[in-house]
Amino acid sequence: MPELQFVPETTQLQEAARLQALFDTGALSGEGSREFDDICARARSRFKVDIALVTFLGAETQFLRGRSGTELLETPRHEAFCNYTIQSDSVFVVPDTTEDARFADYRMVVGPPKIRFYAGAPLTYLRGIRLGALCLLDGAPRDFSLGDKSELEIMADEVVSIIASLAFDMAHHLPVI
């Protein structure tokens, strides 16, 4: 297993458990779910942003399993805003990426699509196990209210419900030994 270098606030053991949960749920298999795309389309429309994504963070890659506003399927994890989102149970917001030293040099900030705003709600599957995020990206800086955060969290909970349902279905279709 590669060194788990993208987890500044979690332990290697917690990251290993998170990666195992990604595998166990089937979140990294296939290209995603139409339901995820539908939630992204609603989030993009509701918050009037350029891009909305459902992301899952693998060991080295951020997989975009739901999307609206982009056709990208993955990005390198070392340039994923969602690395910060999965560090807590709270919505993570960067009002202006160019004014935040952690992100000002990111490829997607300095080049296309020139992301200036990010908000992400963690996809908390089990206590302390955050698989990824439902996130919003835009080309203009902006504020994000407490009400906006609450709405994004509700949409993220919808994503987690879909993940749980898919994991349940997958678990009940395993061959009997």
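Only a predicted model underlies this, so the values are computations on that prediction, with no experimental measurement involved. (Residues numbered from 1 in each chain as written. Predicted model: local features only at pLDDT ≥ 70, side-chain atom pairs only at ≥ 80, totals over all residues. Heavy atoms only, no water.)

## Some thoughts on the overall build of the chain
Then comes step 1: When helices and strands are tallied, the chain shows five helices and six strands.
Then comes step 2: Taken from N to C terminus, the helices and strands of the chain fall in the order α-α-β-β-β-α-β-α-β-β-α.
Then comes step 3: Every one of the 177 residues in the chain was classed for burial, and the buried ones make up 47%.
Then comes step 4: In the chain, of all internal contacts separated by at least 6 residues, the share reaching a separation of at least 24 is 61%. (Helix = DSSP H or I, 4+ residues; strand = E, 2+ residues; numbered from the N terminus. Buried < 20%, exposed > 50% of the residue type's maximum accessible area, 1.4 Å probe, protein only. Contact = heavy atoms within 4.5 Å.)

## Considerations on the pattern of salt bridges
Then comes step 1: Scanning all chains against the criterion turns up eleven salt bridges.
Then comes step 2: The residue Glu151 makes a salt bridge to Arg46 at a minimum N-O spacing of 2.7 Å. Highlighted residues: Glu151 in helix α5 (residues 146–171) and Arg46 in helix α2 (residues 34–47), separated in sequence by 105 residues.
Then comes step 3: The class for Glu151 is partly exposed, based on a relative accessible area of 30%.
Then comes step 4: We classify Arg46 as partly exposed; its relative accessible area is 32%.
Then comes step 5: Look at the salt bridges and you will find they share partners, linking Glu15, Arg18 and Arg77 into a network. (Salt bridge = Lys/Arg side-chain N within 4 Å of Asp/Glu carboxyl O.)

## Brief notes about the pairing of strand β1 (residues 51–57)
Then comes step 1: The element β1 is extensively covered by neighbouring structure, given that seven of its seven residues are classed as buried.
Then comes step 2: Residues Ile51, Leu53, Thr55 and Leu57 point to one face of β1 and Ala52, Val54 and Phe56 to the other, with burial holding for every one of them.
Then comes step 3: In this sheet, strand β6 (residues 129–138) lies alongside β1 in antiparallel orientation, the contact comprising six bridges. Looking at β6, one finds that Ala52 is bridged to Leu136. (Pairing = 2+ DSSP bridges.)

## Focus: the sheet that holds strand β2 (residues 61–68)
Then comes step 1: What the six strands build is an open sheet, ordered β3-β2-β1-β6-β5-β4; its pairing is antiparallel. Taken across any chain shown, the strands that pair with only one partner, and hence form the sheet edges, are β3 (74–76) and β4 (92–94). On average, each strand axis in the sheet is tilted by 25° relative to the strand beside it, whichever way the strands run.
Then comes step 2: Taken strand by strand, helix α1 (residues 12–25) contacts β1, β5 (117–126) and β6, and its axis lies near 85° from that of β6.
Then comes step 3: Where α2 meets the sheet, it contacts β1, β2 and β6, and its direction lies at approximately 70° from that of β2. (Axes fitted to C-alpha atoms, helices over the stretch in contact; angles between N-to-C directions.)

## As for α2
Then comes step 1: With 14 residues, α2 should cover 20 Å at 1.5 Å per step; its first-to-last C-alpha distance of 20 Å lies within 8% of that length.
Then comes step 2: What α2 keeps buried is the set Phe36, Ile39, Cys40, Ala43 and Phe47. One side of α2 holds all its buried residues, which, seen down the axis, span an arc of 100°.
Then comes step 3: Lys48 sits one or two positions beyond α2 and adopts a positive phi of about 55°. (Expected span 1.5 Å × (residues − 1). Arc of directions from axis to C-beta.)

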